[in-house]
Amino acid sequence: MKWFQKKKMEAGKVDFQNLPRLIGIIMDGNGRWAQRRGLPRTAGHAQGAENFRSIVYYCRDIGLEYLTVYAFSTENWKRPQNEVSTIMSLLEKYLYEAIDTMERDHIRMVFFGDPAPLSPKLKKLMEETDEITDRFEGFQVNVCLNYGGRDEILRAAKKSAEAYAAGDENAITEEAFSNRMWSKGIPDPELIIRPGGEKRVSNFLLWQGAYAEYYFTDTLWPDFKPADLAEAIGWYQHRDRRFGGV
Ligand code: FPP
């Protein structure tokens, strides 16, 4: 057996008793997936959303605590109008379905990002989802929607400055800062996966990802299946994490 085949086999072994608490995923490659099939980019987003659903169920089934996905960034508004509206309609469709099924299926859903510029319909669906999430415990999916890591850090910085100016001397500790993020109370990602071939972070979980292990793969998001996620987790479990120590 060649060394890389052996490595791949070893990486494929997952210890399900020792999963990372939170996995982040940048769902990239939808557009290229569609273009390679001669389909409009929007068809790739539809397939990507379908894949999101199957990965969510897989994560719940293996006993993961948290999954955070990048659905729409603060920069994605620059895309053509029809693409933005397709992504928004997909989000509406999936939230609409989630409202009916999440409690039964034990999937909590939380949103990271500024809802202000989203449609009233989407905002209402997000509020309803939040209410359902509050009713039970268990596996949680964080959906980053109109989310940007820099935007999140700036908002926390402003709130910290205000608290400091108002006399709170402990306003600018790491802990206080973390508690002013969308991810307040949620653990940091231990593994961040980016399918789609690009090796960049694209403004995703900049603060929280300080010590994350980053896994990049050429597989496009709509083709990224539970077996690929298992392989990524296996790879993560063989990493030597030192957090700045030796
Ligand atoms: C990146 O692929 C993907 C996005 C900007 C949108 C992700 C949205 C979804 C998967 C649909 C809705 C989500 C949920 C949670 C139901 P890209 O278009 O940049 O791909 P490319 O790099 O090949 O062009």
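Everything that follows concerns the structure shown earlier in this document.
Note that the structure is predicted; figures quoted are calculated from it, not measured. Sequence order as written defines residue numbering, which begins from 1 separately in each chain. Restriction of local features to residues with pLDDT of at least 70 applies here, the model being predicted, together with a cutoff of 80 or more for giving and counting side-chain atom pairs; totals for whole chains, interfaces and linings are based on all residues. Hydrogens and waters are ignored; side-chain quantities use all the structure's heavy atoms.

**Student:** Would you mind going over the packing of helix α3 (residues 41-62) against helix α4 (residues 81-105) with me for this structure?
**Tutor:** The description of two helices packed together rests on the angle between their axes and the distance between the axes. Lines fitted to C-alpha atoms define the axes here, with helix axes fitted over just the stretch in contact, and angles between the N-to-C directions of these axes take values from 0 to 180 degrees. Only DSSP runs of H or I with at least four residues qualify as helices, and only runs of E with at least two residues qualify as strands; both kinds are numbered from the N terminus onward. Taken N-terminus to C-terminus, the directions of α3 and α4 make an angle of 25°; their axes are 10 Å apart at the nearest point. Taken together, α3 and α4 sit at an angle that is classed as roughly parallel. Once α3 is placed against α4, the crossing between them reads as right-handed. Where α3 abuts α4, its residues Arg 41, Thr 42, His 45, Ala 46, Ala 49, Glu 50, Arg 53, Tyr 57 and Arg 60 lie against Asn 82, Glu 83, Thr 86, Ile 87, Leu 90, Tyr 94, Glu 97, Thr 101 and Asp 105. In this count, Pro and Cys sit with the nonpolar residues alongside Ala, Val, Leu, Ile, Met, Phe, Trp and Tyr, while Asp, Glu, Lys and Arg are called charged and the others, Gly among them, polar. Split by residue class, the contact of α3 with α4 holds 6 nonpolar, 5 polar and 7 charged. Comment on the angle field: the value is read as roughly parallel under 35 degrees, roughly antiparallel over 145, roughly perpendicular from 65 to 115, and oblique elsewhere. With the far helix as reference, a near helix turned anticlockwise by less than a right angle produces a left-handed crossing, and one turned clockwise produces a right-handed crossing. Contacts are residue-level and defined by heavy atoms, with any inter-residue pair within 4.5 Å sufficient.

**Student:** When you look at the sheet that holds strand β3 (residues 108-112) in this model, what are you seeing that I'm missing?
**Tutor:** Strand-to-strand pairing in sheets goes through backbone hydrogen bonds, with the strands running parallel or antiparallel. In spatial order, the strands read β3-β4-β2-β1-β5-β6; together these 6 strands make up an open sheet with parallel pairing. Each end of this open sheet is capped by a strand with a single partner; those strands are β3 and β6 (213-216). The average undirected angle you get between the axes of adjacent strands in this sheet is 20°. Sheet topology places strand β1 (residues 22-26) next to strand β2 (residues 66-73); 5 bridges connect them, and they run parallel. Opposite Ile 23, over in β2, you have Leu 67 as the bridge partner. Two strands qualify as a pair provided that DSSP identifies no fewer than 2 bridges between them.

**Student:** Which parts of the structure should I look at to understand the nonpolar core?
**Tutor:** Within soluble globular proteins, side chains that are nonpolar tend to cluster in buried spots. By size, the foremost hydrophobic cluster in this structure holds 47 residues, and its most contacted members are Ile 23, Ile 25, Leu 67, Val 141, Ile 193 and Leu 229. With 8 residues, the top contributor of residues to this core is α4. By nonpolar core is meant a set of buried Ala, Val, Leu, Ile, Met, Phe, Trp, Tyr and Cys residues that side-chain atoms within 4.5 Å join together. A 1.4 Å probe rolled over the protein chains alone gives each residue an accessible area, and that area as a share of the maximum for its type sets the label: buried under 20%, exposed over 50%, partly exposed in between. Counting 13 residues, the second-largest nonpolar core is a separate cluster that includes Ile 26, Tyr 147, Ile 186 and Phe 204.

**Student:** How do you make sense of the site of the ligand when you look at a structure like this?
**Tutor:** Consider each residue's heavy atoms; a residue with any of them within 4 Å of a molecule or strand counts as near. Looking at the ligand, there are 17 residues lining it, with Asp 28, Gly 31, Arg 32, Arg 41 and Arg 79 nearest. At 3.2 Å, a backbone N or O of Asn 30 approaches an oxygen atom of the ligand. Any pair of nitrogen or oxygen atoms within 3.5 Å is treated as a polar contact; in protein, a donor-acceptor pairing is required on top of that, and neighbouring residues in sequence qualify only through side-chain atoms on both sides. Note that an oxygen atom of the ligand is positioned 3.1 Å from one of the backbone N or O atoms of Gly 31. Taking 640 Å² as the accessible area of the ligand by itself, protein coverage stands at 92%. When residues of the shell around the ligand are traced back to their parent elements, those giving at least two are α2 (30-35), α3 and α4. Sort the elements by how many residues they give to the shell around the ligand and α3 lands first, with 5 residues. Its residues assigned to classes, the shell around the ligand comprises 7 nonpolar, 6 polar and 4 charged. Accessible surface area values rest on a Shrake-Rupley calculation with a 1.4 Å probe, where residue burial reflects the displayed protein chains alone.

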